[in-house]
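# Coordinate inspection notes
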Amino acid sequence: MAHVRRSMLLPVVLAAAMTITACSAGGAGRQADSAHGPARPNPGTPRSDGTDTRTEEDAASTFGVDVDTASYGYARRLIREGRLPERSGVRPEEFVNSFRQDYAEPAGDGFAVHVDGARLPGTHRAEPDERLMRVGLQTRSESRESRPDAALTFVVDVSGSMGEPGRLDLVQDALHTLVDQLRPTDSIAVVEFSSRARVVREMTPVSDARQLHTAIDALRTRDSTNLEAGLVLGYRVARAGFRAGRTNRVIVLSDGLANTGSTESEPILRRVRAEAEKQIALLGVGVGSEYGDQLMEQLADRGDGFAVYVGERDQARKVFVQQLPATLSVRALDAKVQVTFEKSAVRSYRLIGYADRALADEDFRDDRVDGGEVGPGHSVTALYAVRLAGGVSPSARVARVQVRWTDPKDREPAETYQSVTTADLDRDFTEASPRLRTCYAAAYFAVALQGGEEARLGDLAAIADRAADATEDAEVRDLGRVIREADRLR
């Protein structure tokens, strides 16, 4: 049972933003120390080189929740086209969080923390004492009727590169369908950008759907890509159409290949950061076979939002029609996770992914340090490879998982926690839940694309297939196919 506690601190003034995938949670602990300085490197935080951290050197692993899924979506697109992704663009946590988990939801506005694990499969190259540990976070879902109204500003890339099939045409189809799915009391504005940016439609109630459909049909490709101009004008329109008490968001749809105006990330990111602090968060939607993944990810992270990638019409409709309308509010702001391992039970640990979200351990309760924003009814998962100490009792605690977030309603920090024992991690891999086995296949598929050799792609595909049989999940079935296609390309 997770335990919740609130600390009476000054509110953190940050955007209340909708999200598609994520989670946060919270529990007991000391109050925040506002004297902490800026984030600094910590040897116990996630490492990008896959190195284990010895528990006796640093027992705590701390990171900000990441709700992006673009890395898997783009890798899938490239593999299906016969190309392997660049190693630098593969982020294991985004592979894992692209799949359903079926965690139980909390009863109230708090967050559920789920921790389990298993022995690694016999095909995995690991020491006998290594275990897989899954940290799962889940928020309570929300009905369409109970969510706040939304004011959405779509910033659409209409540069020449967006003329390729599967880019602007896909965006227009998704936007048309979204207009028909939103409530009449929601509002939409449309901005387009190429070498310059212009307002296609000011903030307009969805009740005036005809005008919005006309604006979407008017989008035509031309010239080069001035992403900076598009975002500057998009935020200006969003600010003019800002509605207090609503979900206010800028949604940029682009291939992320800026080539006019400021093409460096930092100047654009500074502008996005400033606007996000004014309660307007950013969603980045990537499209196209050539995609500026790094820039879109950075924009979303600095804009208190997240990034997704859509390469097919069905994917776009899933994002804009099924997910977006149902998640136009927020459950938690600045969610952070801290996993503290018991030195007597764990020799070493390794967080799989989250390298870009690493935090110093002392930043966990420093509410000036950004975490991740999370929406209703969604989950986020982190996997650890844990090496157990010898002779540990089955009932011994392996780790304590704490999650901290800021409540979007009253801006008060809150925490929850959960513990995991040796016995919780000691079941055979074949007896683990099919969702955990899916997490393993997705995570180590990403690790293999990065050059890791712990698991063979053929074995991972077979594991995904068996998980798909158990869940009857078409996306898990597709994961097995994508892994096999990648194996043929190596």
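What comes next is a walk through the structure. (Residues numbered from 1 in each chain as written. Predicted model: local features only at pLDDT ≥ 70, side-chain atom pairs only at ≥ 80, totals over all residues. Heavy atoms only, no water.)

### Details of the overall build of the protein
In plain terms, the rule: Elements are defined by DSSP. Helices are runs of H or I of four residues or more, strands are runs of E of two residues or more, and each kind is numbered from the N terminus. Each residue gets one of three labels from its accessible area relative to the maximum for its type: buried under 20%, exposed over 50%, partly exposed in between, using a 1.4 Å probe on protein chains only. Two residues form a contact once any of their heavy atoms are found within 4.5 Å. Accessible surface area values rest on a Shrake-Rupley calculation with a 1.4 Å probe, where residue burial reflects the displayed protein chains alone.
When you go through the protein residue by residue, the secondary structure sums to 11 helices and 17 strands. Here the protein holds 490 residues, and the buried ones make up 61% of them. Taking all contacts inside the protein whose residues are at least 6 apart in sequence as the whole, residues at least 24 apart take part in 82%. Entry remark: accessible area of the protein is about 18,400 Å², with carbon and sulfur atoms responsible for 46%.

### Side note on the sheet that holds strand β10 (residues 281-286)
In a beta sheet, neighbouring strands are held together by backbone hydrogen bonds and run either parallel or antiparallel to one another. Where we set the bar: Strand pairing is assigned whenever DSSP detects at least two bridges linking the two strands. For helices, the fitted line uses only the C-alpha atoms of the stretch in contact; every axis is such a line through C-alpha atoms, and the angle between N-to-C directions lies from 0 to 180 degrees.
Taking strand neighbours across the sheet as the criterion, the 6 strands line up as β8-β7-β6-β9-β10-β11 in an open arrangement whose pairing is mixed. Bordering the open sheet on either side are β8 (197-205) and β11 (306-309), each of which pairs with just one other strand. Put simply, the sheet's adjacent strands are angled 15 degrees from each other on average, direction ignored. Bridge count for strand β7 (residues 187-193) against β8 is 6 bridges, and the pairing is antiparallel.

### Some points on the nonpolar core
To be explicit about the condition: We define a nonpolar core as any set of buried Ala, Val, Leu, Ile, Met, Phe, Trp, Tyr and Cys residues linked to one another through side-chain atoms lying within 4.5 Å.
M133, F154, F320, F341 and Y384 are the most contacted members of the largest nonpolar core, which has 67 residues in total. The leading source of residues in this core is helix α3 (residues 168-181), at 7 residues. The residues contacting Y384, other than those within four sequence positions of it, are S61, F63, R131, L132, M133, V135, V339, F341, Y349, R350, L351 and I352. Y72, L383, A443 and Y444 belong to the second largest nonpolar core, which has 40 residues in total.

### Details of the sheet that holds strand β15 (residues 379-388)
Read across the open sheet, the 5 strands follow the order β2-β13-β15-β5-β4; overall the sheet is antiparallel. For this open sheet the edge positions go to β2 (53-54) and β4 (111-119), each flanked by a neighbour on one side alone. Where β4 and strand β5 (residues 130-139) come together, 9 bridges link them in antiparallel fashion. Among the inter-strand pairings, D116 is bridged to a residue of β5, identified as R134. Across the sheet, helix α9 (residues 434-449) touches β4, β5, β13 (346-351) and β15, and the angle it forms with β5 is around 110 degrees.

### Side note on unusual backbone geometry
Look at D334: it is not a glycine, yet its phi comes out positive at around 50 degrees. Examined against the element boundaries, D334 turns out to sit in strand β12 (residues 332-341). On the basis of relative accessibility, which here comes to 5%, the residue D334 falls in the buried class. Its identity is not glycine, yet R411 carries a phi of approximately 60 degrees, on the positive side. Residue class for R411 comes out buried when judged on its relative accessible area of 16%.

### Focus: the packing of aromatic side chains
So the rule is basically this: Two rings from Phe, Tyr or Trp (for Trp, the six-membered ring) form a pair when their centres are within 6.5 Å of each other. A pair whose planes differ by under 30 degrees is stacked, one over 60 is edge-to-face, and the rest are tilted. Only when the NZ atom of a Lys or the CZ atom of an Arg is both within 6 Å of the ring centre and within 35 degrees of the ring normal do we say a charge sits over the ring.
Going through the model one piece at a time under the given rule, you end up with 11 aromatic pairs. With centroids separated by 5.4 Å and ring planes inclined at 70 degrees, the aromatic side chains of F341 and Y384 adopt a geometry described as edge-to-face. Highlighted residues: F341 in strand β12 and Y384 in strand β15, separated in sequence by 43 residues. Taken as a pair, F341 and Y384 share a single burial class, namely buried. The cationic tip of R400 hangs over the ring face of Y417; the distance from NZ or CZ to the ring centre is 3.8 Å.

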